Structure formats: C-alpha cells, structure tokens
Amino acid sequence: MIRAPKRIFRKKASPELKNKEAILRFVPLGGLEEIGRNCSFFEYGNEIVIMDVGIQFPEEETPGIDYIIPNAAYLEPKKKNIRGIILTHGHYDHIHALPYLIEKMGNPIIYTAELTKALIEKRFQEFPNLPKPKIEIVKDGDRVTISEHFTAEFFDIEHTIPDAIGFILDTPEGKMVHFGDFRVDRDIDGNPQKMEIFERLGKMGIHTVFLDSTNADIDGKSIPEKLVEKNLENLFKNADGRVIVATFASLLTRLAEIIKIAEKLDRKVALNGRSMKDNVQIAKNLGYMKFKKDHVINIEEVHQYKDNKIMILTTGGQGEPNAGLTKIANGEHKSVRLKKTDTVIFSSSVVPGNERSVQTLQDNIARQVAEVYNSKLLDIHSSGHCLKEDLLLVLKTVKPKFVVPIHGYYFKRSVAAKIAQQTGIPKENAILMDNGQVAEIAKDDFKVTSEQIPANYVMVDGLGIGDVQEVVLRDRLMLAEEGMVVVIATIDRKSGRFLKTPDIISRGFIYLKEHKELLDEIRIKLKSIIGRMPRHQEIEPDYVKSLIRDQIGQLLYNKTKRRPMILPVLIEI
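Small disclaimer: the values here were computed from a predicted structure and weren't measured.

Helix and strand counts for the protein chain come out as 14 helices and 27 strands. For the protein chain, with 573 residues in total, the buried portion stands at 54%. When contacts within the protein chain are restricted to residue pairs at least 6 apart in sequence, long-range pairs at least 24 apart make up 72% of them. Put simply, the protein chain shows about 26600 Å² of open surface, and 49% of that area lies on carbon and sulfur atoms.

Bringing the packing of helix H10 (residues 388-398) against helix H11 (residues 410-422) into the picture now. Running from amino to carboxyl end, H10 crosses H11 at an angle of 45°, the nearest separation of the two axes being 9 Å. If you check the angle between H10 and H11, you find them oblique. In this structure, H10 crosses over H11, and the sense of that crossing is right-handed. Seen from H10, the contacting residues are Lys-388, Leu-391, Leu-392 and Leu-395; seen from H11, they are Val-415, Ile-419, Ala-420 and Gln-422. For the contact of H10 with H11, a count of residues per class yields six nonpolar, one polar and one charged.

What follows concerns unusual backbone geometry. Phi angles above zero are rare outside glycine, and Asn-107 is one such case at about 50°. The topology assignment puts Asn-107 in the loop between helix H2 (98-101) and strand S7 (109-112). Given a relative accessible area of 11%, Asn-107 falls into the buried group. For Asp-163, which is not glycine, the phi torsion reads 65° and is therefore positive. Along the polypeptide, Asp-163 turns up in the loop between strand S10 (151-156) and strand S11 (165-171).

Another point: the confidence of the model for the protein chain. In regions of low pLDDT, the predicted coordinates are not meant to be interpreted in detail. Across the protein chain, the average pLDDT comes to 87, with 90% of residues at or above 70. In the model, residues 11-20 has pLDDT below 50 throughout and makes twelve contacts with residues more than four positions away in sequence or in other chains.

Take the pattern of salt bridges next. Between side chains of opposite charge, a pair can form as their charged atoms come close. Counted under the stated rule, the structure contains 32 salt bridges. Salt-bridge contacts for Arg-25 lead to Glu-43; the nearest nitrogen and oxygen are separated by 3.2 Å. Of this pair, Arg-25 sits in strand S2 (residues 24-30) while Glu-43 sits in strand S3 (residues 39-44); the two residues are 18 residues apart in sequence, bridging distant segments of the chain. Note on accessibility: Arg-25 and Glu-43 belong to one class, buried. Across the salt bridge formed by Lys-194 and Glu-158, the nearest N and O atoms sit 3.6 Å from each other. Taken together, the positions of Lys-194 in the loop between strand S12 (174-178) and helix H4 (196-202) and Glu-158 in the loop between S10 and S11 put the pair 36 residues apart, joining distant regions of the chain.

If you walk through the whole model with that rule in mind, you get 13 aromatic pairs. Arranged with centres 5.6 Å apart and planes meeting at 85°, the rings of Phe-42 and Phe-210 form a pair that is edge-to-face. Taken together, the residues span a long stretch of sequence, with Phe-42 in strand S3 and Phe-210 in strand S13 (residues 208-212) at a distance of 168 residues. Residue Phe-210 is classed as buried on the basis of its relative accessible area, which comes to 1%.

Bringing the sheet that holds strand S19 (residues 371-373) into the picture now. With parallel pairing, six strands are arranged side by side in an open sheet as S16-S15-S17-S14-S18-S19. Unpaired on one side and paired on the other, strand S16 (296-297) and S19 mark the two borders of the sheet. Sheet topology note: the strand S14 (residues 243-246)/strand S18 (residues 343-346) ladder contains four bridges and is parallel. Bridge pairing links Val-245 to Ile-345 in S18. Contacting S14, strand S17 (310-314), S18 and S19, helix H5 (residues 225-238) runs over the sheet at an angle of about 165° to S18. On the sheet, helix H9 (residues 355-366) packs against S18 and S19 and is oriented at approximately 165° with respect to S18.

Here we come to the environment of Met-195. Here Met-195 lies in the loop between S12 and H4. Met-195 gets classed as buried once you look at its relative accessible area, which sits at 11%. Residues contacting Met-195, with those up to four places away along its chain left out, are Val-184, Leu-393 and Thr-397.

This paragraph deals with helix H13 (residues 516-531). Taking 1.5 Å of rise per residue, the 16 residues of H13 would be expected to cover 22 Å, and the 22 Å separating its terminal C-alpha atoms lies within 8% of that figure. Residues Leu-518, Leu-519, Ile-522, Leu-526, Ile-529 and Ile-530 constitute the buried set of H13. Taken around the axis of H13, the buried residues stretch over an arc of 110°, which confines them to a single face. In H13, those exposed residues whose orientation departs by more than 90 degrees from the buried face are Lys-516, Glu-517 and Ile-524. Looking at the buried residues of H13, the elements they touch are strand S25 (484-491), strand S26 (503-507) and helix H14 (541-560).

This part takes up the pairing of S14. By the alternation rule, side chains of S14 split into Val-243 and Val-245 and Ile-244 and Ala-246, which are all buried. As paired elements, S14 and S17 share four bridges and run parallel to each other. Its bridge partner being in S17, Ile-244 is matched across the sheet by Ile-312.

Among the nonpolar cores identified, the biggest contains 63 residues, and Ile-50 and Leu-313 are the most heavily contacted of them. Considering each element in turn, this core owes the most residues, seven residues, to helix H6 (residues 252-264). Residues within four places of Ile-50 in sequence aside, it is in contact with Cys-39, Ser-40, Phe-41, Leu-75, Ile-82, Gly-84, Ile-85, Ile-86 and Met-105.

What counts, and at which threshold
- Residues numbered from 1 in each chain as written.
- Predicted model: local features only at pLDDT ≥ 70, side-chain atom pairs only at ≥ 80, totals over all residues.
- Heavy atoms only, no water.
- Helix = DSSP H or I, 4+ residues; strand = E, 2+ residues; numbered from the N terminus.
- Buried < 20%, exposed > 50% of the residue type's maximum accessible area, 1.4 Å probe, protein only.
- Contact = heavy atoms within 4.5 Å.
- Areas by Shrake-Rupley, 256 points an atom, 1.4 Å probe, with all protein chains shown as cover.
- Axes fitted to C-alpha atoms, helices over the stretch in contact; angles between N-to-C directions.
- Parallel < 35°, antiparallel > 145°, perpendicular 65-115°, else oblique.
- Left-handed = near helix turned anticlockwise from the far one by under 90°.
- Nonpolar A, V, L, I, M, F, W, Y, C, P; charged D, E, K, R; others polar.
- pLDDT = per-residue confidence, 0-100.
- Salt bridge = Lys/Arg side-chain N within 4 Å of Asp/Glu carboxyl O.
- Phe/Tyr/Trp six-rings, centres within 6.5 Å; stacked < 30°, edge-to-face > 60°.
- Pairing = 2+ DSSP bridges.
- Expected span 1.5 Å × (residues − 1).
- Arc of directions from axis to C-beta.
- Core = buried A, V, L, I, M, F, W, Y, C linked by side-chain atoms within 4.5 Å.

Structure below.
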C-alpha cells in the first residue's frame, strides 16, 4: 500500500539568477568509474542538491591509503548554495565520506531514513571537533520542498540494509528518479514483489532514471532472500561444531535473519568486529532486530558453551588484513582459534578487486576446517543490486525518457545502457557519463557538455586528507615494485674529494652481499661523477645529487633492467 505523500515545506531561498538564465545541471563526482565513492549533485541557478557522499576503499594502485573520497573543489566555493544532501542508505560507499566533507559543503540539512541517521551520528562520534550534522528523517511517501526549484518525494526501496530509500526529484525540467542501490524483491518461487512503486512511476512521465549498474553484466534475476535464509538454515542445522559466518557488517537485513535462525536452533551468537557490534546494537535500538538479551554474547565467552551451541558472526569476508576473520584464520585472534569441526560460511559477494585476497583467505581456512562454503557453491548470498532481468523489468515498468547508468565501471554501465535500449529507449537517450562531466538537462533533452569539473581521487591517509598526491602514490608504487638504493657520500667541501668510501644501502632491490661486483661498479661510477667536478669552486649539492640519481639509475638499469628509487645523501665536511 502506498501512503499519500506527507508534505514538508522549507523556506524558499532568494534567487541570485533569473529563471531564464538558470540551467538544470547534473554532475557525478564519483561512482561512475569505480565501485564506491558515490556522490553526485543537481544544480539550478543558485540551488544545489547533493546525492550521497560515500567512500571508496583503496586499490592496489593506492598503497597505504585508508579511503578515497569525492573531490569537493567545485562545491566548496558554492557551499552557501547547497540546499540539502540526500542519503539513500547507510552503506559506507554512500555515507562514510561525510565527516571529511561536511564543512566543505557548508553543513546543510541531510535528508535520510532513521537507520541511516543513526549510523551517521555514530560515525560522527569519531570526529568530536566537527559540527553536529543537521539530519531530517524522511519516510516512504514524504514530500520535502528542499528549495525553490527542488522538491523530493521519497519511497522505500529493497536493498540489503533496512531503511534504503529512493526518491523522485521534481525539477524545473521534469521528474528525476534516483533509486540508490536497489534490487527487485522476489518470493521463494522467483516472482517479483513490491512492484507498486515502479508501476506508479510508470504513470508519472519520468524524465530520467539514474540506474544502479553494479550487476548489469550478470544474467538472470535476483536470488530470493527467503531462499538464501532457507539454505543458510540448512547449513546451520547440519553443522556438528561451531558455525562461523563472514559477511559485511552493513548487511543488517541478512544479519537479523541469521540471528533469528540461530535463536531458533538454540545457538548463542558472538559478534566479532567493532563495526559488526556497533551496527547490530544500533539496529536493535531502533527495532530492526529483535532478540533476547542473553542470546548475543561477547566473543570472549564462546569457550563457555559447547561448539554445537555457538555461532560467530564476523567481519573480514573480503580478506582485509586487520579484519576479524583474517585474524582468526591467521591464529592472531585473542579468543578464537579455528577447529577442524568448524563450518565457515562466506555469506557476501566479493567486491571487485578483492578476488585474490578472498581466495587466499579461503585457502587458508580450508586447510584448517572441514567445511567452507561460499555463494558460488550454494545460494547463500543474494546481491543487493539488480541483475539483467531485474533491470529490464524495472525499465519496462517505469518507462523513462532518459536513462543514466550509475554505480559501476564503464563496462557495467555500457551493458546497462544496452539493457535500456532493449526496452525501447533510443540509443541517444541512454547516457553514459564519466566522473566530473557536466550534463545540461532540458524538458526533452539530456546533453553531456564539454565542461569538466575536478573529480580526481582525494585520498585519506591517517589524519591527512588530500595531502597524498599522485607523485606520492607513484613513489609508493615504485618502492613496492622496484625497491630503493640509498647512496651516502661524505666529501670535502673545499676539494670535493671523498673523505671515505661511499656507503650503499639497498632495500627491496637486491641483496648487496651477494652482488659485490655491482657494488664495486656503483662506487667506481660515484668516484667518476665526483672526479669530474671542477676543483676551483665549491660543489653544488643539488646538482651533484641529480647527477648521482641519473647516472647510478642508468647504471643499475643497464645491469639489472630494473629502476629502483635512488636516494643520494651528501655529507659535506
């Protein structure tokens, strides 16, 4: 049943531009060339509405980085124009960058659902010096006047976390629909459920749909969550010893069902991982999870119960080095060691880019326990993102003029564009954009312009935000791939001669004790470089360092076909 919209009015902002001068613009700042970092905005005159402010987890090309966040360089000078931020759900790739960017965005009102609000507030507790976020809870059917030209109507959408919302944004050029991350809910027989919102949208003359493309390249339709729960319950029943389930701490819908099944089977549940504990507690406080107080125990208490009475829910299913399951598998956990009788279940999909680390983790666990299951072996995970058949069904039902595939690599989005064409949408109306591109929207047009705004990676590294530039990453990758050679030369400032034999230190390049010939050649080359310096004037240290860096680098490449980082150190006496 669809509720009649509840209207929430905001004070209208005084226009700085006449209506005839304003153009509706759409700009993605992230999420269109990667998985994560979801952030985009609409702009009309002096009014800006932002959708999602998420992080991206580091890649192999970003060693040492904690998170990658959207670039707010365009928005910061216009923060007075930002009328609101809409957050579609509580997953990290949609909300976790807020603490880093909220001040740059002027701390506007955030419109989101109750659970997402609680997760944001928990996150902000880690940043006590930030202003308190201004959050307004919205529910299915609420209609909010965000600014003079932007009004949003919210609706519930199916995902792997409670309180996921989509919205219709009324603009001067038409109705824009953003589903966030979503899937089509299906019953145990695979029949689509809760199609009312899509049917209603199909009667509204939607201008543009911004379409989740994460699974556009995967044939078929979503696995019913009820089937996943049934398969998990069967695995739990057949397990002789402890059951260890690895999943995302944010898959709260799945976690709630697993805890319910464990209670039914009289297994105590121990939570492993801070984010797992925090999220379950928040969901319980808000009524999204219900279980007896003594049913969930501390991880330190698992030894007080028989193995067949224990279930452990843990983070770390992606093979993260410091996460809960990895510590258990490596024998580094304080309270839990794997036993041969354990059953380990990976109930989550593998995030693109994590395949190798997950495989390594599964291999490690398989050597220690009798039973390991993942979603390739059994239907024990249902993705929160629509597959091909789901996307076809949604687009046929909604019938928008334009489709903009979002949330995914270019290949996935290109497949989503072809799916749109299969539903009768013209090829030119299935728009493929990249991060930082600017689209201008008219009533019957969606045009990607040549304008480009900053959308490059902003790295969070420890306490530093944005201070790790490309050159730093290049150096880190170079050190990781080629190693480094440090040349320490002590010379007489006046004569320019060596006062002692140069010291050569190698890290990650070669083992010098086994390469004495190369070491001698490096020293001979150094003496040659210094020997050619004019004796009648003091040496210029920066010039000498540059010569050493270039010529020793070339010598090492000629001998080894490798290019380590050369760090010359000159000590003048």
